Amino acid sequence: QVQLVESGGGSVQPGESLTLSCGTSSGFRLANYALAWFRQAPGKEHDMVGCMHNSGSAIYVDHARGRFTISRDVSKNKNDLQLNDLKIEDSGVYYCAAALGPRCYLHDKPDQYYYWGQGAQVTVSS
């Protein structure tokens with residue numbers, strides 16, 4: 001089983017920013033596959049916030065678009081989620097997840113993704 005490794009997260013006030021990173025020390029090449037970011041709020045299901053096709057283009061759900069940015073560094077085998085202008089409702093555990101194909105969709109469900117990070121806690125409070 002390939003496991004992704006996440007870093008980042010933390011506690012911030014509304015309006016502040018965080019960057020989450022996703023990578024792996026194995027030979028698995030993240031850029032070969034679609035890479036999604038999910039958020040799980042307490043007692044809620046995993047909801048996609050955005051994803052990147054293996055081409056490098058990214059798409060976002062409405063509440064993330066304009067505030068969140070997915071980027072990658074292929075040479076470092078790393079994918080980042082930049083969270084800007086954070087709101088209290090953005091709080092939750094953020095997971096990166098890799099698919100086995102090149103494309104992703106905003107309606108994708110977690111069981112369509114095979115390789116997962118351990119999650120990064122993001123807490124936004126005033």
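In case you missed it, the structure is sitting above this.
Residues numbered from 1 in each chain as written. Predicted model: local features only at pLDDT ≥ 70, side-chain atom pairs only at ≥ 80, totals over all residues. Heavy atoms only, no water.

### Considerations on the overall build of the protein
Within the protein, the regular secondary structure consists of zero helices and 11 strands. Counting from the amino terminus, helix and strand elements in the protein follow one another as β-β-β-β-β-β-β-β-β-β-β. In terms of C-alpha radius of gyration, the protein reaches 13 Å, essentially the compact-globule figure of 14 Å for 126 residues. Each principal axis of the C-alpha atoms in the protein carries an extent, and together these give about 40 × 25 × 25 Å. Out of the 126 residues in the protein, the part that is buried amounts to 43%. Of the roughly 6400 Å² of accessible surface on the protein, a fraction of 48% belongs to carbon and sulfur atoms. Distance between charge centres in the protein, computed from 11 positive and 12 negative side chains, equals 5 Å. (Helix = DSSP H or I, 4+ residues; strand = E, 2+ residues; numbered from the N terminus. Rg over C-alpha atoms; globule rule 2.2 N^0.38 Å. Buried < 20%, exposed > 50% of the residue type's maximum accessible area, 1.4 Å probe, protein only. Areas by Shrake-Rupley, 256 points an atom, 1.4 Å probe, with all protein chains shown as cover. Lys, Arg positive; Asp, Glu negative; His and termini not counted. Charge placed at Lys NZ, Arg CZ, Asp CG, Glu CD.)

### A short note on the packing of aromatic side chains
The tally for this structure, following the rule as stated, stands at five aromatic pairs. On the numbers, 5.5 Å between centres and 75° between planes, the contact of Phe38 with Tyr113 is edge-to-face. Here Phe38 is found in strand 4 (residues 35–40), whereas its partner Tyr113 is found in the loop between strand 9 (92–98) and strand 10 (115–116), with 75 residues between them in sequence. (Phe/Tyr/Trp six-rings, centres within 6.5 Å; stacked < 30°, edge-to-face > 60°.)

### A look at the nonpolar core
In terms of nonpolar packing, the biggest core is built from 26 residues, with Leu4, Leu20, Trp37, Leu81, Leu83 and Tyr94 touching the most fellow members. Secondary-structure elements contributing two or more residues to this core are strand 3 (18–23), strand 4, strand 5 (46–52), strand 7 (68–73), strand 8 (78–83), strand 9 and strand 11 (120–124). One finds Ala34, Met48, Ala97 and Tyr113 within the second-largest nonpolar core, a separate group that totals nine residues. (Core = buried A, V, L, I, M, F, W, Y, C linked by side-chain atoms within 4.5 Å.)

### Things to note about the state of the cysteines
Enumeration over the complete set of coordinates arrives at two disulfides. Across a sulfur-sulfur distance of 2.1 Å, Cys22 and Cys96 are joined as a disulfide pair. Its S-S torsion of approximately 75° makes the covalent link between Cys22 and Cys96 right-handed. Pair noted here: Cys22 is in strand 3 and Cys96 is in strand 9, with a separation of 74 residues, a long-range link. For the residue pair Cys22 and Cys96, the accessibility class agrees, reading buried in each case. Two residues share a disulfide in this structure: Cys51 and Cys104, whose sulfurs sit 2.2 Å from each other. What sets the handedness of the Cys51 and Cys104 disulfide is the S-S torsion sign, and at about 100° it is right-handed. Of this pair, Cys51 sits in strand 5 while Cys104 sits in the loop between strand 9 and strand 10, placing them 53 residues apart in sequence. (Disulfide = S-S within 2.5 Å.)

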